[in-house]
Structures are given as structure tokens and as C-alpha cells.
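# Notes for the structure review
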Amino acid sequence: MDLETIVISLVIIIICIAPFAWMSIKNKRKEKRILQNLVDIAAKKNHKINLHELWNNSIIGMDSTNATVFYARNVKDNEASHQINLAEVEKCRVINSSKMLSNQHGNSNIIDKLELGFLFQDKNKNEVVLEFYNATYDSLILNTELQFVEKWCKLFNNKILELGK
């Protein structure tokens, strides 16, 4: 091969790879910013996030030492954040809101919303609900949200049991 062919090949490869690299860098920066926001919220309350999970424009984290949950979600310029002390929680539950659709191939169960609900020991306190997925403004196809919500529910319930001992 001559030098001209090598240079042209390299330029074409760089042109093909550059958009993917740029998107990856942009996503990493966005994830870092979302995590930093949650860390800052926790730090203001003298907590430290040592477990966390990011998805879409959402993050959930926990200070295991102080048994405190931190959550933030930013969808369509609507930001929600919560802090929940697990010592006050009776149990955590997965809320799976779905609808049944019928078509020529049979019935299908379609998930509309996935949420975590925190029921408090004090029955006067309302249940706190953290949204993991909403078909209205999230992608129409679930990615890992179902696994995330089940994983975190189990983690929180185990922590609640540990606190009750």
C-alpha cells in the first residue's frame, strides 16, 4: 500500500469513530454531573453515598452507614429528589403499574410505570414513591429499570431488617 491510501484510510476511520467517541464522552460527563449532584445533596446532610445506580436521567444512592436513601430524577425539566431514612421505614415495595393489551396474537401485559414505595412505621406518614420508569416520557422499551427496581427494593428491605435487630 502506498502512503496516500494509508492516510485516506486513517481519515475515514477517524471520521467514523469520532461521533461515537464524542457521544461516549458526553454521556460520561452527564453521568458524572448527575452523581455529583446527588453526592452534594447527601453531603449537605452530612451523609456519604457509598452505593449508587444511574439510569436515564435518574439516580438512586444510599449511605449504608446511616441507612439513608437519596434519589434524584430529572425528566422534561421537572426535577424530583427525595431523602428517606430507612430506620423510619417499615418496608419497601415494588409498584408495577401495567395494562393488558389484546391483539391478534393474544394478550400482552405492558408496563406503564415502575416505582419503589416506602411504607413508614408511623402510619400517619404517607407512602413515598420513587419513580424508576414511566412510559409517558421514558423510552417505550424497558432497559434495565425492572432489574434496578427489584435489586434496590431487596437491598432496602434487607437494610430495614438489619436495623430492626
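Within each chain, residues carry numbers counting from 1 in the order of the written sequence. Since the coordinates come from a predicted model, pLDDT governs what is reported: local features require at least 70, and pairs of side-chain atoms require 80 or more to be given and counted, while whole-chain, interface and lining totals use all residues. The side-chain values count all of the structure's non-hydrogen atoms but skip hydrogen atoms and water molecules.

## Side note on the overall build of the protein
What counts is decided by this rule: Numbering goes from the N terminus for both helices and strands, where a helix is a DSSP run of H or I of at least four residues and a strand is a run of E of at least two. A radius of gyration in this sense is built from C-alpha atoms; the matching globule rule multiplies 2.2 Å by the number of residues raised to 0.38.
A count of helical and extended segments in the protein gives two helices and seven strands. For the protein, the α and β elements follow one another from N to C terminus as α-β-β-β-β-β-β-β-α. Against the globule reference of 15 Å for 165 residues, the protein gives a C-alpha radius of gyration of 21 Å, more extended than a compact globule. Overall, the C-alpha framework of the protein stretches about 75 × 55 × 30 Å when taken along its three principal axes.

## Quick word on unusual backbone geometry
One non-glycine residue, N46, adopts positive backbone phi at about 60°. The backbone of A67 shows a phi angle near 50°, a positive value even though the residue is not glycine.

## Quick notes on the nonpolar core
To be explicit about the condition: The nonpolar core is taken to be a set of buried Ala, Val, Leu, Ile, Met, Phe, Trp, Tyr and Cys residues, with the residues joined through side-chain atoms within 4.5 Å. A simple rule labels every residue: compare its accessible area, found with a 1.4 Å probe on the protein chains alone, to the largest value its type can have, and call it buried under 20%, exposed over 50%, or partly exposed in between. We call two residues in contact when some of their heavy atoms are within 4.5 Å.
If you look at the biggest cluster of nonpolar residues, it comprises 26 residues, and the most contacted ones within it are I60, L86, L116, F118, L130, F132 and F156. For this core, the secondary-structure elements that each account for two or more residues are β2 (58–63), β3 (68–75), β5 (89–103), β6 (106–120), β7 (128–134) and α2 (145–164). In terms of residues, this core owes the most to one element, α2, which gives six residues. If we ignore the near neighbours within four places in the chain, the residues touching F132 are W55, I60, R73, L114, E115, L116, D138, E145, F148, V149 and W152. Grouped together as the second largest cluster of nonpolar side chains are seven residues, I34, A42, I59 and A72 included.

## A short note on the packing of aromatic side chains
How we decide: Any two of the Phe, Tyr and Trp rings considered here, Trp counted by its six-membered ring, make a pair once their centres fall within 6.5 Å; the pair's planes then place it as stacked at under 30 degrees, edge-to-face at over 60, or tilted in between.
If you walk through the whole model with that rule in mind, you get four aromatic pairs. Ring centres 4.5 Å apart and planes at 15° place the aromatic pair W55 and F132 in the stacked group. Taken together, the positions of W55 in strand β1 (residues 51–55) and F132 in strand β7 put the pair 77 residues apart, joining distant regions of the chain. Each member of the pair, W55 together with F132, is buried. Members of the aromatic cluster, each reached through a chain of ring pairs, are W55, F132 and F148.

## With respect to the environment of E131
The line we're drawing: Counting of polar contacts relies on pairs of N or O atoms within 3.5 Å, with two restrictions inside protein: one atom must be capable of donating a hydrogen and the other of accepting it, and residues adjacent in sequence are counted only when both atoms are side-chain atoms.
Mapping E131 onto the fold places it in strand β7. Placed 51 residues apart in sequence, E131 and A80 show a C-alpha to C-alpha distance of 9.4 Å. Among the polar contacts listed, one links the side chain of E131 to the side chain of R73, at a separation of 3.3 Å.

## Here's the deal with the sheet that holds β5
Two orientations exist for strands paired in a sheet by backbone hydrogen bonds: parallel and antiparallel. So the rule is basically this: At least two bridges found by DSSP between two strands is the condition for calling them paired. Axis definition: a line fit to C-alpha positions, over the contact stretch in the case of helices; interaxial angles, taken between N-to-C directions, run 0 to 180 degrees.
Taken in spatial order, the three strands of this open sheet run β5-β6-β7, and their pairing is antiparallel. Edge strands, defined here as strands with exactly one partner in the open sheet, are β5 and β7. Across the sheet, the mean angle from the axis of one strand to that of its neighbour is 25°, orientation sign disregarded.

## Describing the pattern of salt bridges
The line we're drawing: In what follows, salt bridge is the name for a side-chain nitrogen of Lys or Arg lying within 4 Å of a carboxyl oxygen of Asp or Glu.
Summed over the entire model, instances satisfying the criterion amount to six salt bridges. Residue R93 pairs with E127 through a salt bridge whose shortest N-O separation is 2.8 Å. Of this pair, R93 sits in strand β5 while E127 sits in the loop between β6 and β7, and the two are 34 residues apart along the sequence. For R93, a relative accessible area of 32% corresponds to the partly exposed category.

## A word on α2
To be explicit about the condition: A helix is expected to reach a length of 1.5 Å times the quantity of its residues less one. This arc is taken over the directions from the axis of the helix to the C-beta atoms.
Across its 20 residues, α2 extends 28 Å between first and last C-alpha, which sits within 8% of the 28 Å expected from 1.5 Å per residue. E145, F148, V149, W152, C153, F156, K159 and I160 are the residues of α2 that are buried. Buried residues of α2 fall within an arc of 130° about the axis and therefore sit on the same side. Turned more than 90 degrees away from the buried face of α2 sit K154 and L161, all of them exposed.

Read these as spatial facts, not as claims about activity.
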